[in-house]
Amino acid sequence: MDQKILSLAAEKTADGLQEFLQILKEDDLTDLLQNQAVRGKTAGALLKAIFKGELSGEECKKQLINTLCSGRWDHQYVIQLTSMFKAVPLTTEEVEFVVEKVLKVFSKLNLQEIPPLVYQLLVLSSKGSRKRVLVGIIAFFNKLDQQHNEEQSGDEYLDLITVPLDELRHVEGTIILHIVFAIKLDFELGRELLRHLKATQQGDFSSICPFSIALLLSVTRIQRFEEQVFDFLKSSVIKNFKDLQLLQGSKYIQSLFPNECCISTMILEVVNNSVHSWDHVTQGLVEFGFILMDSYGPKKILDGKTAETSSGLSRMPNQHACKLGANILLETFKIHEMIRQEILEQVLNRVVTRASSPINHFLDLLSDIIKYSPLVLQSCSSKVTETFDYLSFLPVQTVQGLLKAVQPLLKVSMSMRDSLILVLRKAMFASQLDARKSAVAGFLLLLKNFKVLGSLSSSQCSQSIGVSQVHVDIHSRYNSVANETFCLEIMDSLKRCLGQQADVRLMLYEGFYDVLRRNSQLANSVMQTLLSQLKQFYEPEPDVLPPLKLEACILTQGDQVFLQEPLDYLLCCIQHCLAWYKSRVVPLQQEEEEEEEGFYQYLDDMLESITNRMIKSELEDFELDKSADFSQSTGIGIKNNICASLVMGICEVLIEYNFFISNFSKTKFETILSLFMCYKKLSDILNEKSGKGKTKMANRPTDSFLSMKFVSDLLTALFRDSTQSHEESLSVLRSSNEFMRYAVNVALMKVQQLKETGHVSGPDGQNPEKVFQNLCDITRVLLWRYTSIPTSVEESGKREKGKNISLLCLEGIQKILSAVQQFYQPKCHQFLKALDATDKEEEEEEVSVSERAAFQIRQFQRSLLNLLSSQEEDFKSKEALLLATVLTSLSKLLKPISAEFVQMLSWTSKICTENSCEDASFCKGMLSLLFNLHVSCKSPVGLLRDLSQDIHGLLGDIDEDVEVEKTNNFALVNLKTAAPTVCLLVLSKAEKVLEEVDWLITKLKGQANQKIIPEEASSQAALTNHPMEKTTIIQLGTLLTFFHELVQTALPSGSCVDTLLKDLGKMYTTLTALVKYYLQVYQPSTGIPKNMEKLVKLSGSHLTPLCYSFISYVQNKHSRSLKCTGEKEKTAAGPTAIARALRETKPIPNLIFAIEQYEKFLIHLSKRSKVNLMKHIKLSTSRDFKIKGNILDVVLRQEEDENEEGTASEHEGQNKEPAKKKRKKEMKCLS
């Protein structure tokens, strides 16, 4: 039959061929074509033969293609049939028809048959339907991936394609290669891929899946698309994180999008999938990881390394994106051996070349990489060694971070360690101060991490980095005897630092305690070094006052005065080392000779002697009495400031030392009080002499030498110790309110330091676990003190200078709660458990976080109620605000669905409704808390509407003749708080709701763009979008009533009016966006929803006319104020007032433009939908030119009078005055 057709087709006329084809049955022709397609060679010629003929060829072709694609294709012939269509000239519709048929067959095929079919389909796509081909392939593999992830059985695909995951990944990899190859030959295919994915980016990211991400990363190997793809991926990641952040902050949006996709999870899934020979994806992953880290890394340098903040979504999207980049690189490093060298090189290059900008994120990544496999990285040791050569030129913080990160490598590579020591020794004698500080930091780090035989085990002392973090056993490489020799050599090098600048010595003193704690066998060497240094400044004679040579600590060069020896830090280091040695090492050496005890006994005697003589010394002995010069402009003043700072530091160190050895002795506590009085006298003098406007205690304004552990113990002893035997001695300290206030103040300083830098100064300040434990202990004490002795009780006693102690305790609680939520979010339950002293007996029953938080909340609620019920003159504004802030922090720990949360919401609402308070800051704090609670469970638009009614009722109407009915929904809103406090607060919250509504409309538009759905499904799609559209319209409708109230309110000039005008502009912009959405999706069958028509009607009747009235009110108010200003100060203030008026009325044109744009698109929608949406909207005419005769007469008469008065003035005055009059005239004549 086929030969017959071919021979007839070869004839000159087509008559014979057409007769023969008409005789054949339809099934015969279809079977013939399928059989020929399998052979593959003659199918094209056969089809051309069949289609020969001028009139019926096209019709016959369409009919034949329709017949072919309507029938069922045997899966063994699918590839050949698809290949056959390549040789056939097809129209766009026919290509689409064929492509749809082939894509439907995918699910019937064996997985191994899909790659060749995809190849044929891609070749066919050159005729058209590129987008449909790509979308179909991506959707198919996305579905397969989801089914494998869910491990569902009995599904349509899994019944037929029962393949192992490994095989699926290899098939996906092959198909990605096919698509990339096709894009290289046909760039339009690549452009179509990007166009499609960018369209889904605005919607629900439906086409963004692990397969499409892997495909995009492979496409980056094509130079033309590299930049576009990375930009697209970068914007998708940051947009997704912003979306998740917005979802977390809004309950009603969460209910609309319960399963929002997370692109970061998909990208990490691609990293895991790439283990299946996806080499073409790996390079793109590495580049993308670095792009994210470079683009979204930290931009501002903080003091020291910041501790890791909570891993929740409270972190900024940029931080999440940066962390994602680091995770991509770390996981890729773990999986792909070939790429490790490149990742390490690029990280080290950035550490060295970007030293001036923050690189903590790269140092953290480097640390994670090395901890994962230090032995594997020995092969890359040359690159690390090369980096060491740049240590002298890097900032000290970078050097410390880098050496901490490479520490595990130094333990397994002797050559690397030797290279580092050579570099550090050279740096020790460098001319740059930073290089010498880097050398000290490096040597101290080595001493901490190379343990000497006999040292206490790591379990006996906490450590932040070291052997415990290495995943392999590396102790066998070096014995401890070699380590001892090595460490003693380093100690010799460090002793030379004691003759260098104060900054270098200070680093050494701060680091010695950690060295001793981690390498206890070096105690003898360390303590002897410190002892010999102290002897240089110590007066051995017991009668000499003062006991220390402060003059020797200060260096004078010409007019300049420098601190040479930080004696306070030296004593602090000795005190901490001695305390640790006596508590940890001495008990283990009870049976050894007494010779070992010599140095610490000697140091004890020295510190005892210094204490006794410091108490006896007067300020005159230090030449620091009130008559001394403390100015910062003279050499003597600077010297006295340095001396005062040293004496105060020494006093603090001795206070801690004496408390440590006191064993609750009354004599020692009297000594402590005497030392404190010396400290306080100097502190008072410095504060008094610092002068107005200058910084107080410029040397050390936010730090104290007291360790955090000591502060915790001291506060516990002062406020909670009820042991009978301690009562008498503690009464000495308790008798001084100033000392107790000082102790609480130091605790506040430490917490503030933690919030700003992520760590605290002093021993264990870098250890998160110890810091957390101290925070728990301090909070427990402060909480007990505040609740046991309220501020009102305390103030009824003595009236003293300084803050109330209970108020300081409350401030401390507020700061600690904030710090715990910032740095220890996962440990909040542990923190609350530590605060509950009664919990010890009830270990069996686990109490939830919400219940624990609610228990604490009730205590603060009682305190606030007591405060609010007190007399008006006794109301303490600062305490009320702190209580509101504490309640806000604790309320974040409540689960929104819990009974405790509901109780908190109703209590807060009751406080705001029933209590009238004229303190603006407290009002703002409580209303902010109310908004936060509302947002956690529902939309706050109803609350906004109620508050706007209160503001309107209190401030009155813009029309003075209208009397407004007072609603009094919230008693907290009164004449003193309504404007600007409450007004600005509600406007900021309204702005947030508008942002959320804008986001919803963008989502709706994105989903509408993605609809490549047949027309019959469009009504179903409209139904699925209905809840989102309904929510959007309800939010806008309630917001409209909120603005309806505010726009009628006689708001005072300034920020309230300015913000309201801007927010009204945003409201109209959002309304315009919604109208544009309905223009986009409008279909005659569905029409415009009734609630949308109501919203338009409401905007026309309740908002637009009032907006123009408000604009007139604002302009009239400004013109009146300008007139008053002009009468008072005609010369200087005139132009300033005019400039201010112009600045304050600047948002008015933007608002009018936004209103007109809204009306313009409403007209378009009305024409398209044949529904008159403009019937309730009166087109504005307020911008046309009007001449008001009565006003013009008044102005002309004034002008004539002024001209008569101005004849005697100078010529210059005549030139200036008309300009002012002209402006006034214009403002009055133009309505």
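Residues numbered from 1 in each chain as written. Predicted model: local features only at pLDDT ≥ 70, side-chain atom pairs only at ≥ 80, totals over all residues. Heavy atoms only, no water.

Caption draft 1: Molecular detail of the overall build of the chain. Along its length, the chain carries 52 helices and 2 strands. Out of the 1231 residues in the chain, the part that is buried amounts to 52%. Long-range contacts, defined here as pairs at least 24 residues apart, represent 76% of the contacts in the chain between residues at least 6 apart. As displayed, the chain offers around 57200 Å² of accessible surface, 51% of which is attributable to carbon and sulfur atoms. (Helix = DSSP H or I, 4+ residues; strand = E, 2+ residues; numbered from the N terminus. Buried < 20%, exposed > 50% of the residue type's maximum accessible area, 1.4 Å probe, protein only. Contact = heavy atoms within 4.5 Å. Areas by Shrake-Rupley, 256 points an atom, 1.4 Å probe, with all protein chains shown as cover.)

Caption draft 2: Seen up close, the environment of Leu 168. Relative to the assigned elements, Leu 168 resides in helix α11 (residues 165-185). With 27 residues separating them in the primary sequence, Leu 168 and Phe 141 have C-alpha atoms 9.1 Å apart. Apart from the residues within four sequence positions on either side, Leu 168 is in contact with Leu 111, Phe 141, Leu 144, Asp 145 and His 148.

Caption draft 3: Quick peek at the pairing of strand β2 (residues 560-563). Relative to β2, strand β1 (residues 554-557) runs antiparallel, the two sharing 4 bridges. Within β2, the position partnered with Thr 556 by the bridge is Val 561. Linking β1 to β2, which pair antiparallel, is a turn of 2 residues; within it Gly 558 sits at a positive phi near 65 degrees. (Pairing = 2+ DSSP bridges.)

Caption draft 4: Fine view of the packing of helix α13 (residues 210-219) against helix α14 (residues 223-248). At a minimum axis separation of 8 Å, α13 and α14 run at an interaxial angle of 145 degrees. Of the residues in α14, those in contact with Leu 216, Leu 217 and Val 219 of α13 are Phe 225, Val 229, Phe 230, Phe 232 and Leu 233. Counted by class, the contact of α13 with α14 contains 8 nonpolar, no polar and no charged residues. (Axes fitted to C-alpha atoms, helices over the stretch in contact; angles between N-to-C directions. Nonpolar A, V, L, I, M, F, W, Y, C, P; charged D, E, K, R; others polar.)

Caption draft 5: Focus on the environment of Ile 1001. Relative to the elements of secondary structure, Ile 1001 occurs in helix α44 (residues 978-1009). Residue Ile 1001 is classed as buried on the basis of its relative accessible area, which comes to 1%. Among residues more than four places away in sequence, those in contact with Ile 1001 are Thr 1032, Thr 1070, Ala 1073, Leu 1074 and Tyr 1077.

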